[in-house]
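Residue strings, one per chain:
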Amino acid sequence: MALPAHRHRAAGRALRRAPAALLALFAAGCAARAGTPALAPAVSHLVSELDSAFSGPEFARAMWGVVVQSLDNGEILYRRNAERLFMPASNQKLVTSSAALVRLGADFRFRTAVLARGTRRADTLAGDLVVVGRGDPTLSLHVTGGTDVLASLRPWADSLRARGIRTVTGRVVGDGSWFTDPPLGQGWAWDYLSDSYAAPVGALQFNEGFALLEVTPGDTTGAPSRAAFLPSGAPLRLFGSVATAPRDSAINDVEFSRAPFTDSVTVSGRISAGHAPLRLEVAVLDPARYFETALTQVLREAGITVRGAAASAGPAGDTLFVWRSAPLRDVLPPFLKPSQNQIGETLLRTVGGEAKGQASVDSGRAAVREVLRGFGVADDAYVIADGSGLSRYDYVAPETLARILIAMAGRPDFDAFYQALPIAGVDGTIANRMRGTAAAGNVHAKTGSIANVRALSGYVTTADGERLVFVMIANHFTVPRRVVEVVQDRVLERLANFRRRPPQTR
């Protein structure tokens, strides 16, 4: 595919609010081109180039769905299978995040209540510490940064100490009943459930539902490596061993498996002596139990005794404190930039809970449907199975995603949405793509990636300052995924360099 690679002098220009009339223009533009004015020469040439890019022989058995539309005047510059349903992969997160901003608001905060069940005697709680979750997904290492997996919970120990509690005779008891559905998404496959990206989700969850398996090589060749979970109290059992390879062998071949629907993890392989400790992410089985063990460990390390004795059942009593997460505007970047699945599942359930009174997937779907109807999207133009796009039961028409992107560009909270998207050549899932081109620092877009699916949708500014929305989804391809990504990247470079008129000369 021969696309020009001219550099753009103003890549990364911030988008301004799009006029509300664009929704009406989009509907008008979706009609067939027959009967409409002839395309301008520059647009006609662009259409020919894009047709060539998406019609290569390597895609003979694949299907592309594409929309390119101007945010400034509503004109559809390119359209291919835009009305058909495609598996979106993580482009589903555009649906979830936009609905969350509309229904929850950018200032929404998740709340987790810590209550005392029992009686207080001086510095002792004779009973249980009960934690009632409402889905906070931010208690994780990826959000706090650093290397301490328990860092997000350590302030909780300070809060208890500030309230004079030094001993808990009972246990830390987690209440995750706010979410009413199973902890896995509909249509998730059994063979990847041990991986962190498919960790279960709960109303009470810690570290995005996964523990770290740290493997440290032995000191000499043939010695067993040391393997342990972080945090040490993670509800997982470890089997197997990793051998230490010669120091100069540069071997780093360690893998694990978790027996389906169990807490048994087997590790195997070899790692060179002197190699830095290796950390692997292993999904846990029960989010609430994981939270209980993590908070118990934090309290004990902070000098608060948790005896773990059986306590009398009964309703929780006094509220000791309520932990509030960062606002949604600050949750969206760690959701969209790395394409974090558990936050997507949490948001879908939370939207249902806040809008419909029941934090279920069905309620979330109903609330999202109302938002999409407000954007002018027909009910049959998408299928919602989960909130993350990991499910192969999700379907969406490219024109649906284009409508969402256009509608969000006209909202007062658009900047929270726009800045949370990965930026080409800068960060997120496209940090290493389109570098050194006019698209770098310019394109803000969401990727989507599952087997035989690659999607990329978002915003780009052209060489003469025109703001465009684009959607590109490939399904059913059999070529290496990078072949698809190269086409997407080159198309975006072409759009970033696009001019309706030749530049003025002096």
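See the structure shown above.
Quick caveat: nothing in here was measured; it's all calculated off a predicted structure.

(A) Just unusual backbone geometry, in detail. With an omega of 0 degrees, the peptide bond between Leu-230 and Pro-231 qualifies as cis. Following the sequence through the fold, Pro-231 ends up in the loop between strand 8 (226-230) and strand 9 (237-240). Positive phi, normally seen in glycine, also occurs at Glu-208, with a value near 55 degrees. A residue is classified by how much of its surface remains accessible, and Glu-208, at 6% relative accessible area, is buried. Phi at Ser-339 is positive, roughly 60 degrees, even though this residue is not glycine. Structurally, the position occupied by Ser-339 is in the loop between helix 7 (328-336) and helix 8 (341-356).

(B) How the structure looks around the nonpolar core. Judged by nonpolar contacts, the single largest core of 51 residues is most densely connected at Leu-328, Phe-417 and Tyr-459. Elements supplying a minimum of two residues to this core: helix 3 (92-104), helix 7, helix 8, helix 9 (361-374), helix 10 (398-409), helix 11 (414-420), strand 19 (453-461) and strand 20 (467-475). Broken down by element, this core gets its largest block of residues, eight residues, from helix 10. The residues contacting Phe-417, other than those within four sequence positions of it, are Leu-94, Ser-97, Ser-98, Leu-101, Leu-405, Met-408 and Tyr-459.

(C) Focus on the packing of helix 3 against helix 10. Between helix 3 and helix 10, whose axes approach to 10 Å, the crossing angle comes to 35 degrees. Judged by the twist between their axes, the crossing of helix 3 over helix 10 is left-handed. Between helix 3 and helix 10, the residues in contact are Leu-94, Val-95, Ser-98 and Leu-101 and Leu-401, Ile-404, Leu-405 and Met-408, respectively. For the contact of helix 3 with helix 10, the class distribution of residues is seven nonpolar, one polar and no charged.

Analysis parameters
- Residues numbered from 1 in each chain as written.
- Predicted model: local features only at pLDDT ≥ 70, side-chain atom pairs only at ≥ 80, totals over all residues.
- Heavy atoms only, no water.
- Helix = DSSP H or I, 4+ residues; strand = E, 2+ residues; numbered from the N terminus.
- Buried < 20%, exposed > 50% of the residue type's maximum accessible area, 1.4 Å probe, protein only.
- Core = buried A, V, L, I, M, F, W, Y, C linked by side-chain atoms within 4.5 Å.
- Contact = heavy atoms within 4.5 Å.
- Axes fitted to C-alpha atoms, helices over the stretch in contact; angles between N-to-C directions.
- Left-handed = near helix turned anticlockwise from the far one by under 90°.
- Nonpolar A, V, L, I, M, F, W, Y, C, P; charged D, E, K, R; others polar.

Read these as geometric descriptors, not functional statements.
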